[in-house]
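Spelled out from the first residue to the last, the chains are:
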Amino acid sequence: MSLLLDPVPGAATAAPGTPGVTTPAAPQRHAAVKPGWPRRARWLAALTVCWAVFLLTFLLLTGGHWWWRPVELMPPLVFVAVPLLLLALAPLARPARARLAVAAVCCLVIGFDVSGLNPSALSGGATPAPPGAVRVFSWNTEYWYDGSDPQRFHDYLAAQQADVYLLQEYVGWDLDRHRPVRVDHVAELRQRFPDYQVVAVGELLTMSRYPIVASRALDGLPYLTDPVRHGVPADSDFGDYYRHKVLRTDLLVDGRVLSVYNVHVPVQLDISMDPTDPEFTEFMRAQEDRRQAHYRALRADLAGNRNGQLVAGDFNATSAMGELHDLAGGMTDVAEASGLLYPASWPDSKPWWRLDWAFVSGPMQSHDYRMVGPQGLSDHLGQRFTVSLTGTG
């Protein structure tokens, strides 16, 4: 008779199948262990995280760092196109599709605000203009009519039938010295447009059918952080071009004063320069200082002005750039009165960027807004719109 004892470590055990011996069952894997995400889901999750990080970084850095400017130059539509693409691909990312879809929607909501899309266009935008409303045409002329037929240029202006013209780049361009050249066409314009008053400073020119009761150019030099290096070049004979990028004219409209600001903010960089050249970097630093200086001058004047305000021109800024958000925070974009879902003004052939803007503030209302083709006279589309003073004087 044999006894069944617990196996002693190191002792021999009976072979399986021996009569009277029970063989313990082999251990099994735990059924609750989950497999990892498929490769496709991991890739989509990584892309979603990367875009979310980029979006938050962009919003944190935009509007104040010269070295971030090249990133800011991408078309703002990217901020809705990318999350929409991620949302469309989310169903392929099982088992994480729900979480990735939620993340894509969050990115879409955040990015929509800087995308440049105009949701007011879905409801038509435009409203009837009352009698006496002000018709405005704002346009970057691309160095006046250099290389163009002057008659064709003036015919184009007259065809806009505006009460107020806000024109930028009222200059010529010296290709050899790569710098602006002063021009003088005021007498000619007064002859061709006898019903208008004309004011010109630097590269800015304003024509108005309404009486101009006051005008002044805002000086950006006091707002520079480095006026010696980034102010008027020592060898320049056209200081007004560098000092003044905002021209304010106060117009008498039906017994009330409307302050109109004609604006052209300097560009961020020069695409004709070699990016590997140290001068390219230095130019970007200088341009950042100049841009912020003119924005500060404009904001300071607006803050002390109690008239109705119209601010329009070429801001060289997209809807995604922080300084434009700071300026427009207390103003209304005139393009809300348009049927354009994505207003864009540059380049003229296939516009992807809106660099030209128009805002109103105070007792003002916008009635319509449209972009006007330049007919080969400029690389910017013009802005044609109608506004009115509201309330009582």
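Residues numbered from 1 in each chain as written. Predicted model: local features only at pLDDT ≥ 70, side-chain atom pairs only at ≥ 80, totals over all residues. Heavy atoms only, no water.

## Considerations on the pattern of salt bridges
At step 1: For the coordinates displayed, the defined rule picks out 16 salt bridges.
At step 2: Here D301 makes a salt bridge to R216, at a shortest N to O gap of 2.0 Å. Of this pair, D301 sits in helix α9 (residues 278-303) while R216 sits in strand β7 (residues 212-219), placing them 85 residues apart in sequence.
At step 3: Residues participating in the shared-partner salt-bridge network are R69, E72, E288, R291 and E323. (Salt bridge = Lys/Arg side-chain N within 4 Å of Asp/Glu carboxyl O. Helix = DSSP H or I, 4+ residues; strand = E, 2+ residues; numbered from the N terminus.)

## Looking at the UniProt feature "domain: Endonuclease/exonuclease/phosphatase" (unreviewed entry) in the protein
At step 1: Here, the residues flagged by UniProt with the feature "domain: Endonuclease/exonuclease/phosphatase" (unreviewed entry) are residues 138-380.
At step 2: Here residues 138-380 is 24% helix and 31% strand, with 10 Å between the C-alpha atoms at its ends. (UniProt positions renumbered as here; feature names shortened; annotations may be inferred.)

## Digging into the UniProt feature "transmembrane region" (unreviewed entry) in the protein
At step 1: Per the UniProt record, "transmembrane region" (unreviewed entry) is annotated on residues 43-67, 73-93 and 100-117.
At step 2: Between the first and last C-alpha atoms of residues 43-67 the distance is 30 Å; the span itself is 76% helix and 0% strand.
At step 3: Between the end C-alpha atoms of residues 73-93 the distance is 32 Å, and the span holds 57% helix and 0% strand.

## Looking at the side chain of S259
At step 1: Looking at where S259 falls in the secondary structure, it is placed in strand β9 (residues 256-264).
At step 2: Separated by 2.8 Å, the side chains of S259 and D250 make a polar contact.
At step 3: Side chain to side chain, S259 and N305 meet in a polar contact 2.9 Å long.
At step 4: Among all residues touching S259, those that are not within four sequence positions of it are R248, T249, D250, N305, N307, G308, Q309 and L310. (Polar contact = N/O pair within 3.5 Å; in protein donor to acceptor, adjacent residues only side chain to side chain. Contact = heavy atoms within 4.5 Å.)

## Digging into helix α3 (residues 78-89)
At step 1: For α3, spanning twelve residues, the distance from its first C-alpha to its last is 16 Å, which sits close to the expected 16 Å at 1.5 Å a residue.
At step 2: Of the surrounding secondary structure, the elements contacted by the buried residues of α3 are α1 (39-61) and α4 (97-112). (Expected span 1.5 Å × (residues − 1).)

## Focus: the sheet that holds strand β11 (residues 332-333)
Backbone-to-backbone hydrogen bonds pair the strands of a sheet. The strands run either parallel or antiparallel.
At step 1: Pairing in this open sheet of six strands is mixed, and the strands run β7-β8-β9-β10-β12-β11 from one edge to the other. Each edge of the sheet is formed by a strand with only one pairing partner; in this case those strands are β7 and β11.
At step 2: Across eight bridges, the pairing between strand β8 (residues 244-253) and β9 is antiparallel. From the neighbouring strand, V246 faces β9, where its bridge partner is V263. (Pairing = 2+ DSSP bridges.)

## Considering the packing of α3 against α4
At step 1: The interhelical angle for the contact between α3 and α4, taken along N-to-C directions, is 165°, at an axis separation of 8 Å. In terms of their interaxial angle, α3 and α4 are classed as roughly antiparallel. Every pair of crossing elements has a handedness; the one defined by α3 and α4 is left-handed. Of the residues in α4, those in contact with F79, V80, P83, L84, L86 and L87 of α3 are A101, A104, V105, C107, L108, G111 and F112.
At step 2: Each residue belonging to the contact of α3 with α4 can be placed in one class, and the counts come to twelve nonpolar, one polar and no charged. (Axes fitted to C-alpha atoms, helices over the stretch in contact; angles between N-to-C directions. Parallel < 35°, antiparallel > 145°, perpendicular 65-115°, else oblique. Left-handed = near helix turned anticlockwise from the far one by under 90°. Nonpolar A, V, L, I, M, F, W, Y, C, P; charged D, E, K, R; others polar.)

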